[in-house]
Amino acid sequence: RLHRPGTRTGLPLLATRLARAAQRRRHGVALEMTAGRICSPPGARGVARAQPLPDSVEMASDAASVDCPAVRLDQVIPTLASRDAIGVHTVALRDALRRAGTDSDIFYGTCTPDMADQGRPVGELGGTSPDRWLLYQLSIGSPVFDTLMARPEPKIVNYHNITPAALLASWEPEVARQVELGRRQLAALATESTMAVCDSAFNETELLAAGYRHTAVVPLLIDVTAVAPTSDPAVAAQLRRAKHDGGADLLFVGKIAPHKAPHDLVLMLAALHRAGSPRARLHLVGSPLGATYARALAQLIDRLHLGDAIVVTGSVSPAALEAYYQAADVFVCASDHEGFCVPLVEAMGHRLPVVAYGAGAVPETVGHGGLVLFTKRPAVFATAVHRVLSDLELRRRLVDAAGRRVDELGMARSATRFVEILQRTMDS
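Residues numbered from 1 in each chain as written. Predicted model: local features only at pLDDT ≥ 70, side-chain atom pairs only at ≥ 80, totals over all residues. Heavy atoms only, no water.

### Quick word on the packing of aromatic side chains
And then number 1: According to the stated counting rule, one finds two aromatic pairs in the structure shown.
And then number 2: Ring centres of Y325 and F331 lie 6.5 Å apart, and the angle between their planes is 20°; this geometry places the pair in the stacked category. There is no split in this pair, since Y325 and F331 are both buried. (Phe/Tyr/Trp six-rings, centres within 6.5 Å; stacked < 30°, edge-to-face > 60°. Buried < 20%, exposed > 50% of the residue type's maximum accessible area, 1.4 Å probe, protein only.)

Here is the structure:
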């Protein structure tokens, strides 16, 4: 979907297409104008392809002599991390831009050690450049924003949603302040940005409410069809032993945080035990957001006498996470706020039935690939999970629908769409 009033055509578009041609010359492809197309001369090396010009563009006799600067698009991100969906998305977007012939680098505020070679510190952005655009990856408040705003280059926002502070304030006040700052920075960028791209239509409504005029929706660039890591043999063996004793394995992956609401999954499991699945287990896989909520969650589990049925793993390796996905029978999510929710897509990619509460972008992300509930009442949630566990035909239909949904969210398609939007924005 693309919401972009006031698109322009005509000779300015011709000039910017010639700018793209000038850029491709840097990659060893000499281009010339012939018969209304930008094309490679015979025998030219490289990957440039013929592109028809719009009918409204009249060819100028001296078009080939127009001198336009090349365009590059660099990304700015507060934190570049390998175990973070936004970090993975940022690297994938850079690679897609480069494949399309647009120079692109990543500049970060901080990074995990294993990602240091994927970008450079934001302090190395250097002097201003008339042929450069900056794309800001926005998901939290950050001092990197001030560096971005001080620069004159045209800007694009890639918005991944920001958790409302009210969901965090009573548990983690410092994190609540960071997200409040992020919301203020989101509003400040509205008048400074030429385009804003987001992961979901839910996020787009927030952009439009904040005053952004030109917006587009493209899913995160996450390749759930890539070859999965080999599952951790020790974790896999442990899960097999537990399954041998009977009972289903329910899985949640994400931050152990109040807005992700794993406490509601604990209440659901208690109801599921009463409803006829007394040996069902729940695995909560993810790192805690501070200590306060984690302690409260542990106390709830103890009070309901579910300590033997619930495992809170903390952060795990990719190999261990793969073992949990492979052993699970149902993926469950009770989050109160989601701008996209990558684990839902990962679960569908593992052919795992999904039962999720329909908050935020969850219905949009799941599509027809799972059961989406509009209440978190424990008895209703537990009944839905029990139905998926016991009804083999329903399970088969959900798995098939999940596969189709993963195809719709495929990274190759999304990357092409994203690059087209960015290049069209720069061309206009």
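Moving on, there is more to tell.
### Looking at the sheet that holds strand 16 (residues 354–357)
And then number 1: Spatial strand order, 14-13-12-15-16-17: six strands in an open sheet with parallel pairing. Of all the strands in the sheet, the pair left with one neighbour each is strand 14 (310–314) and strand 17 (371–373). Strand-to-strand, the axes of this sheet are offset by a mean angle of 20°, without reference to chain direction.
And then number 2: Here strand 16 pairs with strand 17 via three bridges, running parallel. Opposite Y357, over in strand 17, you have L373 as the bridge partner. (Pairing = 2+ DSSP bridges. Helix = DSSP H or I, 4+ residues; strand = E, 2+ residues; numbered from the N terminus. Axes fitted to C-alpha atoms, helices over the stretch in contact; angles between N-to-C directions.)

### Digging into the pairing of strand 10 (residues 193–198)
On a regular strand, each side chain points to the face opposite its neighbour's, so the side chains alternate between the two faces of the sheet.
And then number 1: Counting buried positions over the six residues of strand 10 gives five, a clear majority of the element.
And then number 2: In the sheet, strand 9 (residues 155–159) pairs with strand 10 via five bridges, with the strands oriented parallel. Following the sheet pairing, Y159 is matched in strand 10 by C198.
And then number 3: Summarising the sheet, strand 10 and strand 11 (residues 215–217) pair through three bridges and their orientation is parallel. Looking at the pairing, A196 lines up with T215 of strand 11.
And then number 4: Traced from strand 10 through helix 5 (residues 201–209) to strand 11, the parallel crossover comes out right-handed. (Right-handed = clockwise from strand over helix to strand, strands pointing away.)

### Points about the environment of A298
And then number 1: When you line up the elements, A298 lands in helix 8 (residues 291–303).
And then number 2: Residue classification places A298 among the partly exposed residues on the basis of a relative accessible area of 38%.
And then number 3: On a C-alpha basis, the gap between A298 and V312 in space is 8.7 Å, while along the polypeptide they are 14 residues apart.

### Structural notes on the packing of helix 2 (residues 85–99) against helix 14 (residues 411–427)
And then number 1: Close contact between helix 2 and helix 14 brings their axes to 10 Å; oriented N to C, the two are set at 65°. Taken together, the axis directions place helix 2 and helix 14 in an arrangement best described as roughly perpendicular. For the crossing formed where helix 2 meets helix 14, the hand is right-handed. Residues H89, A92, L93, A96 and L97 of helix 2 lie in contact with helix 14, whose contacting residues are M411, A415, F418, V419 and L422.
And then number 2: The residue makeup of the contact of helix 2 with helix 14, split by class, is nine nonpolar, one polar and no charged. (Parallel < 35°, antiparallel > 145°, perpendicular 65-115°, else oblique. Left-handed = near helix turned anticlockwise from the far one by under 90°. Contact = heavy atoms within 4.5 Å. Nonpolar A, V, L, I, M, F, W, Y, C, P; charged D, E, K, R; others polar.)

### Quick notes on the pattern of salt bridges
And then number 1: This model, assessed by the stated rule, comprises 22 salt bridges.
And then number 2: R177 is paired through a salt bridge with E174; the nearest N and O atoms lie 2.9 Å apart. On the criterion of helical spacing, the pair formed by R177 and E174 is a turn pair, its members being three residues apart in helix 4 (residues 173–189).
And then number 3: Residue classification places E174 among the partly exposed residues on the basis of a relative accessible area of 42%.
And then number 4: Each of R72, D74, R98, D103, D105, R120, R132, R151 and E153 takes part in one network of salt bridges that share partners. (Salt bridge = Lys/Arg side-chain N within 4 Å of Asp/Glu carboxyl O.)

### Some details on helix 12 (residues 378–390)
And then number 1: The first and last C-alpha atoms of helix 12 sit 18 Å apart over 13 residues, in line with the 18 Å expected at 1.5 Å per residue.
And then number 2: Every buried residue of helix 12 is listed here: F381, A382, A384, V385 and V388. Buried residues of helix 12 fall within an arc of 160° about the axis and therefore sit on the same side.
And then number 3: Elements that come into contact with the buried residues of helix 12 comprise strand 12 (249–253), helix 7 (262–274), strand 15 (330–333), strand 16, strand 17 and helix 13 (392–408). (Expected span 1.5 Å × (residues − 1). Arc of directions from axis to C-beta.)

### Thoughts on the confidence of the model for the chain
In regions of low pLDDT, the predicted coordinates are not meant to be interpreted in detail.
And then number 1: Confidence along the chain averages 85 in pLDDT terms, with 83% of residues attaining 70 or more.
And then number 2: Low confidence marks residues 1–70, where pLDDT is under 50. Its contacts with residues over four positions away, or in another chain, come to 111 contacts. (pLDDT = per-residue confidence, 0-100.)

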